[in-house]
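Structural description and commentary
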Amino acid sequence: MWGSNARETHPIFFHHVLKAVRRGAKLYVVDPRRTSTCEWADGWLPVDVGSDISLSNGIANVILEEGLQNDAFIARACDGFDAYAKNVRDYPLSRVAKETSIDPELIRKVARDYAKADRAVICWTLGITEHHNAVDNVFSLINLGLLTGHVGKWGSGLNPLRGQNNVQGGGDAGALPHRLPGFQDVEDDTIRGTFEARWGRKIPPKKGWHLTEMFHAMEHGELSALYVIGENPAQSEADATHCLKLLNGLDFMVAQDIVMTKTCEMADVVLPATASFCEAEGTVTNSERRVQRVRKAVQPPGQARDDIEIIAALSGRLGYDLGLPSAEAAWDEMRSLSPMHRGMSYERLEKLGGIQWPCADENDPGAPFLHGRLWEEPVRGPRAPFQVVHQVPPVEALDATYPLRLTTGRKLDSYNTGVQTGAYASPLRARETIDLSPHDARSLGVKPGDRVRVVSRRGSVTVHVGVDEHLKPGLTFMTVHTPDEVDVNLLTIDATDPKSGTAEFKAAAVRVEKL
């Protein structure tokens, strides 16, 4: 579990992890904090924030040094190994231990156990991706899977745990600026032509903006209107002061949601939508790529309307009559255009209790795991490339003025910005705190419950103190759950990964002032 506190942020998934642990599987947790996930771990690797690539390259160095790599798999299925091996030789344990603050013998033990395991999985979440070098972080983990052959086999692989219900399905359906449904490249003329023929309209031939690029476009006056569906950027984006300024500068904003978020409050028009898990027909896709049916159980309240109905009505007013397609009709159109979904009729989804893509036709049972082709003889399709990646520290360095590292995350009782959970009481929920190490609390002369001001280069918040005996000196932690009371994103930095557009929520520099 790398950069994932799955016990609290993916609790249903973690039940499956616990089943494996109780059957004898080894669990290692890589996390700057000793989270509740660590309670079941064989080892905790307390990596310094932003040093994940150093650790990954160091693990690879041990594997190569001890000859534990899967030479046969590398030779038959991979490209770029020589350059990768040359790079990781620059990461001996002496260097890695210094950059990560992890015991070198623990790193060596993890490297041996991972490489020698019959089956092994690396799971990660936002602790890997909410950095300015997010994609390189992910590449570094994929490299380890390729190095050991822990890919393309049942029980082995690389698993980015999805952060919310159906986020996988959104990507599958083309809710990405560079992809059409089925992850097909919008800049491919042939693929785009197929969709244009079906839809009877031209599709822009170049990829669009992702979220971060949209904010840049707002700043430069290139984007003046925004249609926000099921998102709360007013409270979820880094450097909230700057974000709110840009949103307030729009000429027009419409928000479509099931709750009255802060973004909805700012919008010119609010379109109340249905809660898709019980008020609408459709499908969802989970973290294992399993497409499942969702059935309407209750009528939506008030003026709330199904998302399909809203979009169809809006399309009609813009001059393109979609009629009023059912969820099944919309799904059938998508699977007719997406080869990976083609065999997934509603009838089959009902009968089989869901199907994992890719599913090429009505006789295809789906795929329980991916990349099995890498073990075929000869390998079908492109070979898997190693990626040379280098350790780069967080954008915002610590100094005498801002000497503490703030990292953010979630807790079991709440969800994201709190719009779906904050209105409900929970016996698990406590007020928001900034968690300090005992050393830092003593140095600052504060104790649990004291109020302090937390200051970054972008803003400040006032919050109560919590003391976490497992935190390393110099590291602090806050959640994103209570923006109406303590908006941590007034502190976070909007330095973004140029490849993914993800902001570095996990690494801001702050100071704490006693009040």
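Figured I'd write up the structure that's included with this text. (Residues numbered from 1 in each chain as written. Predicted model: local features only at pLDDT ≥ 70, side-chain atom pairs only at ≥ 80, totals over all residues. Heavy atoms only, no water.)

1. A short note on the sheet that holds strand 11 (residues 282-285)
Across the sheet, which stays open at both edges, the three strands sit in the order 11-12-13 with antiparallel pairing between neighbours. The open sheet terminates on both sides in strands that have one partner only, identified here as strand 11 and strand 13 (355-356). As judged from the four bridges shared by strand 11 and strand 12 (residues 290-294), these two strands associate in the antiparallel manner. Paired with G282 across the strands is V294, a residue of strand 12. (Pairing = 2+ DSSP bridges. Helix = DSSP H or I, 4+ residues; strand = E, 2+ residues; numbered from the N terminus.)

2. A closer look at helix 2 (residues 11-22)
Over its 12 residues, helix 2 extends 16 Å from the first C-alpha to the last, a length consistent with the 16 Å expected when each residue adds 1.5 Å. For helix 2, the full list of buried residues reads F14, V17 and L18. Summarising the axial view, the buried residues of helix 2 lie within an arc of 105 degrees, below the 170-degree limit, and thus occupy one face. For helix 2, the secondary structure elements touched by its buried residues are helix 1 (6-9). One or two positions beyond helix 2, positive phi appears at G24, with a value near 110 degrees. (Expected span 1.5 Å × (residues − 1). Buried < 20%, exposed > 50% of the residue type's maximum accessible area, 1.4 Å probe, protein only. Arc of directions from axis to C-beta. Contact = heavy atoms within 4.5 Å.)

3. A short note on the nonpolar core
W2, L55, I59 and L147 are the most contacted members of the largest nonpolar core, which totals 44 residues. Only strand 1 (28-30), helix 3 (52-65), helix 4 (71-77), helix 5 (81-88), helix 6 (93-100), helix 7 (104-116), strand 4 (121-124) and helix 9 (134-148) provide two or more residues apiece to this core. Non-local contacts of W2, meaning those with residues more than four positions away in its chain, are made with V30, D52, L55, S56, I59, I122, C123, W124, T125, I128, L141 and L144. Formed by 19 residues, the second largest nonpolar core is a distinct cluster that contains L406, A441, V446 and L491. (Core = buried A, V, L, I, M, F, W, Y, C linked by side-chain atoms within 4.5 Å.)

4. A closer look at unusual backbone geometry
A cis amide bond, omega 5 degrees, links W357 with the succeeding residue P358. Locating P358 in the fold gives a position in the loop between strand 13 and strand 14 (384-385). In this model, N166 sits at a positive phi of 70 degrees, which is unusual for a non-glycine residue. Of note, N166 is situated in the loop between strand 5 (157-160) and helix 10 (167-172). With a phi close to 60 degrees, F183 is a non-glycine residue in the positive phi region. Structurally, F183 can be placed in the loop between strand 6 (179-180) and strand 7 (184-185).

5. Description of a nonpolar patch on the surface
Taken together, the side chains of Y227, I229, I311, L314, L318 and L322 present a nonpolar region at the surface, about 540 Å² in accessible area. Mapped by element, the contributors of at least two residues to the nonpolar patch are strand 8 (225-229) and helix 16 (307-317). (Patch = residues over 30% accessible without salt bridge, like charges linked within 9 Å, V, L, I, M, F, W, Y side chains within 5 Å. Areas by Shrake-Rupley, 256 points an atom, 1.4 Å probe, with all protein chains shown as cover. Salt bridge = Lys/Arg side-chain N within 4 Å of Asp/Glu carboxyl O.)

6. What to know about the packing of aromatic side chains
Applying the stated criterion to the full structure yields seven aromatic pairs. When the centroid spacing of 5.6 Å and the interplanar angle of 70 degrees are considered together, the rings of F14 and W40 count as edge-to-face. Separated by 26 residues along the polypeptide, F14 in helix 2 and W40 in the loop between strand 1 and strand 2 (43-45) bring together distant segments of the chain. Seen in terms of ring centroids, F195 and W199 are 5.2 Å apart; in terms of plane orientation they differ by 65 degrees. Their pairing is edge-to-face. With F195 and W199 both in helix 11 (residues 189-199), this residue pair falls four residues apart, about one helical turn. Members of the aromatic cluster, each reached through a chain of ring pairs, are F81, Y84 and F386. Over the ring of F477 we find R33; its NZ or CZ atom is 3.5 Å from the centre of that ring. When the ring centre of W357 is taken as reference, the NZ or CZ atom of R289 above it lies at 5.5 Å. (Phe/Tyr/Trp six-rings, centres within 6.5 Å; stacked < 30°, edge-to-face > 60°. Lys NZ or Arg CZ within 6 Å of the ring centre and 35° of its normal.)

7. Considerations on the pattern of salt bridges
Applying the stated rule across the entire model yields 31 salt bridges. Residue E377 is joined to R76 by a salt bridge in which the shortest nitrogen-to-oxygen separation is 2.8 Å. One end of the pair, E377, is in the loop between strand 13 and strand 14; the other, R76, is in helix 4, with 301 residues separating them in the sequence. Among the salt bridges present, the one from R192 reaches D189, with a minimum N-O distance of 2.8 Å. With R192 and D189 both in helix 11, this residue pair falls three residues apart, about one helical turn. Look at R192 and you get buried, because its relative accessible area is 9%. Put simply, E65, E66, E105, R108 and R112 are held in one network by salt bridges that share partners.

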